[in-house]
Amino acid sequence: GKVGRVFLTPEDPAVRSKRKAMGGNKRQNYIDGWIEFEDKRDAKMVAKELNTRAIGGKSTSFYSADLWNLKYLSKFKWHHLTEKIAYDNTVRRHKLQAEIAQAKREKDFYLERVDQSKQIRKKA
C-alpha cells in the first residue's frame, strides 16, 4: 500500500558518540519509528505480516538478523505524535530553564558570601 509519512526517533547523541568512540557501528541508529499508511487495511496487513519477522537481506548485512517489531495502533492519528513531540520539547525546555535559574541562584549566593567574608576580613 501507499505510505504517507514516516517519522524516526534518532538515538541520543551521547549514546551514538560513545558507540563510535568504542569502535562500534558509525551509522545513525533509531529508537523507534512511526509509519502512516494511506489505507487502514494495508497498515493492518503490514503490521500482521512483518511483526516478529527477520528484517532479512544478505547475511552480511548488519541488520539481517534483527527482527521487525510492528504494531497497528487503532484510533491513533498523526497529530497525536506531533503533539507528544511538542510537549516533550516544552518539558525539556522548562527543565533546562529551571536548572539554569538554580545555578544562577547558587552562584549569586556564593558571590554574596565571598563579599561578606571580604568585608569581615577588612574589619578585622
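Note that the structure is predicted; figures quoted are calculated from it, not measured.

Thresholds applied
Once a new chain begins, its residue numbering starts again from 1 and follows that chain's sequence as written. With pLDDT at 70 or above as the cut-off, local features in this predicted model cover only qualifying residues; side-chain atom pairs require 80 or more to be listed or tallied, and sums for whole chains, interfaces and linings still use all residues. Based on all heavy atoms of the structure, the side-chain values leave hydrogens and waters out of the count. Working definition: helices are DSSP H or I runs of at least four residues, strands are E runs of at least two. Numbering for both runs from the N terminus. Here the globule rule is a power law, 2.2 Å times the number of residues to the power 0.38, and the radius of gyration is based on C-alpha atoms. Each residue's exposure class comes from its accessible area (1.4 Å probe, protein chains only) as a fraction of the maximum for that residue type: buried when under 20%, exposed when over 50%, partly exposed otherwise. Whether two residues touch is decided by their heavy atoms; if any such pair falls within 4.5 Å, the residues are in contact. Calculation of accessible area relied on Shrake-Rupley with a 1.4 Å probe; when residues are assessed, cover is drawn exclusively from the protein chains displayed. His is not counted here, nor are the chain ends, while Lys and Arg score as positive and Asp and Glu score as negative. A charge is said to be at NZ when it belongs to Lys, at CZ for Arg, at CG for Asp and at CD for Glu. For this analysis, a salt bridge means a side-chain nitrogen from Lys or Arg found within 4 Å of a carboxyl oxygen belonging to Asp or Glu. The patch calculation keeps residues exceeding 30% relative accessible area without a salt bridge and links them within 9 Å when they carry like charges or within 5 Å when they are nonpolar (Val, Leu, Ile, Met, Phe, Trp, Tyr).

Considerations on the overall build of the protein chain
Moving on, step 1. If you tally the helices and strands in the protein chain, you get three helices and two strands.
Moving on, step 2. Reading the protein chain from its N terminus to its C terminus gives the helix and strand order β-α-β-α-α.
Moving on, step 3. In terms of overall dimensions, the protein chain is more spread out than a globule: its C-alpha atoms have a radius of gyration of 25 Å, far above the 14 Å expected for 124 residues.
Moving on, step 4. The burial tally for the protein chain puts 9% of its 124 residues in the buried class.
Moving on, step 5. Contacts in the protein chain between residues far apart in sequence, at least 24 positions, make up 48% of those at least 6 positions apart.
Moving on, step 6. Accessible area for the protein chain stands at about 10,900 Å²; split by element, carbon and sulfur atoms hold 57% of it.
Moving on, step 7. Taking the 29 positively charged and 16 negatively charged side chains of the protein chain as two groups, their mean positions are separated by 3 Å.

Re the environment of Ala47
Moving on, step 1. Position of Ala47 relative to the elements: it lies in helix α2 (residues 40-50).
Moving on, step 2. C-alpha of Ala47 to C-alpha of Asn69: the two residues are 22 residues apart in sequence and 8.4 Å apart in space.
Moving on, step 3. Contact partners of Ala47, with chain neighbours within four places excluded, come to Leu70, Lys71 and Tyr72.

Notes on the environment of Leu70
Moving on, step 1. Positionally, Leu70 belongs in the loop between α2 and α3 (78-123).
Moving on, step 2. Overall, Leu70 belongs to the partly exposed group, its relative accessible area being 22%.
Moving on, step 3. Not counting residues up to four positions away in its chain, the partners in contact with Leu70 are Val46, Ala47, Leu50 and Asn51.

What to know about the pattern of salt bridges
Moving on, step 1. Inspection of the entire model under this criterion finds six salt bridges.
Moving on, step 2. A salt bridge links Asp108 to Lys107; its shortest N-O distance comes to 3.8 Å.
Moving on, step 3. Judged by relative accessible area, Asp108 falls into the partly exposed class, the value being 34%.
Moving on, step 4. Among the charged side chains, a network of salt bridges with common partners joins Lys104, Lys107 and Asp108.

Remarks on unusual backbone geometry
Moving on, step 1. Notably, Thr52 is not glycine yet its phi reads approximately 60°, a positive angle.
Moving on, step 2. For Thr52, the location among the structural elements is in the loop between α2 and α3.

Focus: a nonpolar patch on the surface
Moving on, step 1. A cluster of nonpolar side chains, Val3, Val6, Leu8, Tyr30 and Ile35, forms an exposed patch at the surface whose accessible area comes to about 460 Å².
Moving on, step 2. Residue assignment for the nonpolar patch shows that the elements contributing at least two residues are β1 (3-10) and β2 (30-37).
Moving on, step 3. Element by element, the count of residues in the nonpolar patch is highest for β1, at three residues.
Moving on, step 4. Mapped onto the secondary structure, Val6 falls in strand β1.
Moving on, step 5. Judged by its relative accessible area of 52%, Val6 is exposed.

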